[in-house]
Amino acid sequence: TMAPAKENGGLDNLAFDMDEDIKDGLKEMREKPSGEDKSKLAYCVTDTPPWYLCIALSIQHYLTSFGAIFSIPLILSESLCLQHDSLSQSRLINTIFFVSGICTMLQVTFGVRLPILQGGTFSLLTPAMAMLSMPEWECPAWTYNASLVNVSSPVFIEVWQSRMRTLQGSIMVASLLQIVAGFSGMIGFLMRFIGPLTIAPTITLIGLSVYQTAGAKAGSHWGISAMTTALIILFSQYLHRVPIPVPAYNKHRKLHFSKFHLFQMMPVLLGISISWLVCYLLTIYDVLPSNPAHYGHLARTDLKGNVVSDASWFTFPYPGQWGMPAVSLAGVFGIMAGIICSMAESVGDYHACAKLSGAPPPPRHAINRGIGVEGLGSLLAGAFGTGNGTTSFSENVAVLGITKVGSRVVIFTSGVFMVLMGILGKIGAVFTTIPEPVVGGMFMIMFGVISAAGVSNLQFTDMNSSRTIFIFGFSLFSALVIPDWLKKYPESLSTGIPVIDQVVTILLSTHMFVGGFLGFFLDNTIPGEQERGFVWEKEEHAEFSKTPASDKLYDLPLGITTFFSSYSWVRFIPFCPWEGENSDEASVVQHQPGEDLCDGAFDPNPPANTKL
C-alpha cells in the first residue's frame, strides 16, 4: 500500500516496457531503494489502466464476488418456496447481478469514490429468512413436492411472489434508515468517536467470522482448495516481480518483446482459472466421483449444468417486476438490524479500501455519501426485487491488497460487467460451474488478507499500552464467543416480545457488530488520549489537506464540486465537499508537472524523517 518512490539512480522496474509513444501502456512502477519496503501500487485510485487490463482485472473482481452474490438467491429460494423453480431462481440471480452492477457504478462515481465493489449482503439474509419463517409466511406443504409444483400455475406464482413483495417492501422501508444516516451526516459525526480501536476489530472480524464457511468449502476437496491457495500465493508473493515476455509492435522498434507483470496483476484470476480447468478435466475423465455421497463430488464442474440450460439468453430486470411491494412491521425491524451491521461493516471497508489502494483516509463527506449511496442501493434492490440489499464487498477490498491495482476505473468496469451479466443470463450462468473447493481456496487468501488489514490499524495506537491490548483483545474475543453461544442456544434469549427478540438476536449474532460496538464503547469510556491513535488521524488529515491530489480524490465528478464551490452554504451539506476552506492552501501548493495522485497516496509506514 505504499506510494511509488522515486529512485535517485539505477533502472526502473516497468510493468510494461513500452516506448513513450504508446499511450495505453501500463503506468511505470518504480522500486524503492534498498533497505526500504518494496511494496508498491501498480495503479492508484485515479489511474486508468489500458482497456485490455481493465477488462481482465474487472473480470477478476467479478469472479471474486460471484460466489457470494450468486449464493444469496439460492439460499433465499427455499424460504420463497422456489426450490423446484430453477427458472425463477435464474431470474433472481440475473436481478441481483444487475442491481449490484448499477450500485457499484453509483458508488464509484458519486458515492465514496473509492475502488470498492457493491453486492448482496449476508447481513440482510438472516432477518429475511427469519421473517419468512413466521407462521403466516411458511411455504405450503405441496411446494416441497416437485411433482405437485406447476411453475406456470397462477397459484404457485402468487405463493412465492407474495412473499417476495413483502420482503421487497420491508427492505425498501428499512433502507431509509441508511439513506438518512448517510446523507444527514450522522455517520460523519460519529467518525469523530470512531478510531483505530473501533475499526480494527470490525475489519478483522469480517475475515475471521467466515472461517467456518471457508473451511466448509475448502473441505469439500482439500486437494483442489490447497492447489488454488498455493497458486494464488505463488503468483502474488513469489512470482509477482517476474515479467512475462509478450510480443509488441511500434513504429520505432517494430516487432519486439516487452515485459508484462502478469503474475502481479492477475494472481487471483490465474489461480481460479487453472484450478477450474483442472476440475473440468478431472470431471470429463470421471476422475472425480459422480456419487454425491463420496468425498470430492463437489469438485465436479457439471453439478449445476441445469442452471445454464434453464437460464434465458436475455432478461431485463425492472422495478416492480414481481408486483406492488408490501410491508411487514416485524420484517422492517429485523432488516433494520441487518442494515446497522451493514453500515458498521461498510465504514470499516472504506478505511481498508483506502489503505490498500494507497488513498488517504476518506473524509467525513465521502463516508456520508458512501453510506447514503449504499442506502439508495438497498432501496433499488428492494424495488427491483432481489430479496436482498447491497453493501461493500470485503472480498474485493482484499483483491486490491494482493494485485496492487487500486484504480476505481477497474471497479467501474466490473459494475458494467455485472449489469451485462444480469442481462445475458446464460453467460452469467456459466460461472456457476466454479466448484466449491476452488472458491474455498480463494477464501483462504481473501479473508486472511482482510483480517490482517484490520489488525494493521493498530499500528497508530500505542501497542505497549495495557489499555489498547485490553480493548482490542476483549472486543475480538467477545465477538467470537457471543455469536457462537447464541447460535448453540437460540432459545436462551427471550424477552417475551418477538420483535425485540428478533432484533437483539440478529445484532448479537453478527461478529462485526459485537466487536465494533465493544471497541467503540470501551475506547470512548476508558480514560486515555495518546494511546487511541486519534492524534495520528488528525495530523494525517491535516497533512493531506495541503495536498491538491488528496483534495481532489474524493470530490464529486463532472465538475460538481467546482460548480458549487462558490456558494458558502455548501459547507452545511454533510455529503458535499467544499473547496473554500482549502482555497488558500491550494494557491500555495502548486501541482507540479508530471505529479499524479499516487504521489499523495497514503503511506502507513513513512520514513523516519517524515512528520506524521
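Criteria and thresholds
- Residues numbered from 1 in each chain as written.
- Predicted model: local features only at pLDDT ≥ 70, side-chain atom pairs only at ≥ 80, totals over all residues.
- Heavy atoms only, no water.
- Helix = DSSP H or I, 4+ residues; strand = E, 2+ residues; numbered from the N terminus.
- Buried < 20%, exposed > 50% of the residue type's maximum accessible area, 1.4 Å probe, protein only.
- Contact = heavy atoms within 4.5 Å.
- Areas by Shrake-Rupley, 256 points an atom, 1.4 Å probe, with all protein chains shown as cover.
- Patch = residues over 30% accessible without salt bridge, like charges linked within 9 Å, V, L, I, M, F, W, Y side chains within 5 Å.
- Salt bridge = Lys/Arg side-chain N within 4 Å of Asp/Glu carboxyl O.
- Phe/Tyr/Trp six-rings, centres within 6.5 Å; stacked < 30°, edge-to-face > 60°.
- Expected span 1.5 Å × (residues − 1).
- Core = buried A, V, L, I, M, F, W, Y, C linked by side-chain atoms within 4.5 Å.
- Axes fitted to C-alpha atoms, helices over the stretch in contact; angles between N-to-C directions.
- Parallel < 35°, antiparallel > 145°, perpendicular 65-115°, else oblique.
- Left-handed = near helix turned anticlockwise from the far one by under 90°.
- Nonpolar A, V, L, I, M, F, W, Y, C, P; charged D, E, K, R; others polar.
- Disulfide = S-S within 2.5 Å.
- pLDDT = per-residue confidence, 0-100.
- Polar contact = N/O pair within 3.5 Å; in protein donor to acceptor, adjacent residues only side chain to side chain.

Of regular secondary structure, the protein possesses 24 helices and 4 strands. By the burial criterion, 55% of the 612 residues in the protein qualify as buried. At a minimum sequence separation of 6, the contacts of the protein that also span at least 24 residues come to 81%. Of the roughly 26,000 Å² that the protein leaves accessible, carbon and sulfur atoms contribute 66%.

A few words now on a nonpolar patch on the surface. A grouping of Leu-277, Tyr-280, Leu-281, Ile-284, Tyr-285 and Val-287 is seen on the molecular surface, where their side chains present a nonpolar patch of about 640 Å² in accessible area. With respect to the helices and strands, the residue Leu-281 is situated in helix H10 (residues 267-284).

With that out of the way, let us pick up the packing of aromatic side chains. Overall, the coordinates contain 7 aromatic pairs when judged by the stated rule. Measuring from centroid to centroid gives 5.0 Å for Trp-160 and Trp-322, while their planes differ by 65°, and the two rings are edge-to-face. Linking Trp-160 in helix H4 (residues 154-183) with Trp-322 in the loop between helix H11 (305-310) and helix H12 (329-356), this pair joins segments that are 162 residues apart in sequence. Accessibility classification places Trp-160 together with Trp-322 in one group, the buried group. For the ring pair Trp-485 and Tyr-489, a centre distance of 6.3 Å and an interplane angle of 45° mean the geometry is tilted. Residue classification places Trp-485 among the partly exposed positions, given a relative accessible area of 42%.

Let us now look at the environment of Arg-91. Counting through the fold element by element, Arg-91 comes out in helix H2 (residues 86-110). Contact partners of Arg-91, with chain neighbours within four places excluded, come to Gln-321 and Trp-322.

Let's shift gears to helix H20 (residues 511-525). Relative to the 21 Å expected for 15 residues at 1.5 Å per residue, H20 spans 21 Å between its end C-alpha atoms, a close match to the ideal helical length. Within the sequence span of H20, burial applies to His-511, Met-512, Phe-513, Val-514, Gly-515, Gly-516, Leu-518, Gly-519, Leu-522 and Asp-523.

Let us look at the nonpolar core. The biggest cluster of nonpolar side chains holds 106 residues, and the ones touching the most others in it are Phe-97, Met-442 and Met-446. Formed by 7 residues, the second largest nonpolar core is a distinct cluster that contains Phe-98, Val-99, Val-419 and Ile-423.

This part is about the packing of helix H7 (residues 211-218) against helix H17 (residues 436-455). Packing of H7 against H17 leaves a shortest axis separation of 7 Å and a crossing angle of 140°. Between H7 and H17, the angle falls in the class oblique. Crossing of H7 against H17: the hand is left-handed. Between H7 and H17, the residues in contact are Thr-213, Ala-214, Lys-217 and Ala-218 and Glu-436, Pro-437, Val-439, Gly-440 and Phe-443, respectively. Taken together, the residues that form the contact of H7 with H17 break down as 5 nonpolar, 2 polar and 2 charged.

Time to look at the state of the cysteines. Following the criterion strictly, the structure yields 1 disulfide and no others. Residue pairing for Cys-81: its cysteine sulfur links by disulfide to Cys-139, the two sulfurs lying 2.0 Å apart. Residues Cys-81 and Cys-139 are joined through a disulfide that is left-handed, its torsion about the S-S bond being -100°. With Cys-81 in the loop between helix H1 (51-79) and H2 and Cys-139 in the loop between helix H3 (125-132) and H4, this pair connects stretches of sequence that are 58 residues apart. The exposure classification of Cys-81 matches that of Cys-139, with both residues buried.

Right, let's get into the packing of H10 against H17. Two numbers describe how H10 lies on H17: the axes approach to 10 Å, and their chain directions differ by 160°. Of the possible angle classes, the one that applies to H10 and H17 is roughly antiparallel. In this structure, H10 crosses over H17, and the sense of that crossing is right-handed. On H17, the residues touching Val-268, Ile-272, Ser-275, Trp-276 and Cys-279 of H10 are Val-438, Met-442 and Met-446. A class-by-class count of the residues in the contact of H10 with H17 yields 7 nonpolar, 1 polar and no charged.

Turning next to the environment of Ala-214. As for its placement among the helices and strands, Ala-214 is situated in helix H7. In the structure, Ala-214 is positioned 227 residues away from Gly-441 in sequence and 7.6 Å away in space, judged by C-alpha atoms. Beyond its immediate stretch of four places on either side in the chain, Ala-214 contacts Gly-440 and Phe-443.

For the rest of this paragraph, the subject is the confidence of the model for the protein. Residues of the protein with pLDDT of at least 70 account for 80%, and the chain-wide mean is 76. Taken element by element, the protein is modelled with least confidence in helix H24 (residues 583-588), mean pLDDT 40, and with most confidence in helix H13 (residues 364-384), mean pLDDT 92. A low-confidence stretch, residues 535-549 stays under pLDDT 50, and its non-local contacts, those more than four residues away or across chains, total 27 contacts.

Under the criterion given, the structure shown has 4 salt bridges. Among the salt bridges present, the one from Arg-165 reaches Glu-158, with a minimum N-O distance of 2.8 Å. Residue class for Arg-165 comes out buried when judged on its relative accessible area of 15%. The class for Glu-158 is partly exposed, based on a relative accessible area of 41%. A salt bridge links Arg-300 to Asp-286, with the shortest nitrogen-to-oxygen separation between them at 3.6 Å. Taken together, the residues span a long stretch of sequence, with Arg-300 in the loop between H10 and H11 and Asp-286 in the loop between H10 and H11 at a distance of 14 residues. Of the residues examined, Arg-300 reaches a relative accessible area of 6% and is grouped as buried.

Before going further, it helps to spend a moment on the side chain of Ser-162. Summarising the element assignment, Ser-162 is placed in helix H4. Only 2.8 Å separates the side chain of Ser-162 from the backbone oxygen of Glu-158, close enough to count as a polar contact. Among the polar contacts made by the side chain of Ser-162, one reaches the main-chain carbonyl oxygen of Val-159 at a distance of 3.0 Å.

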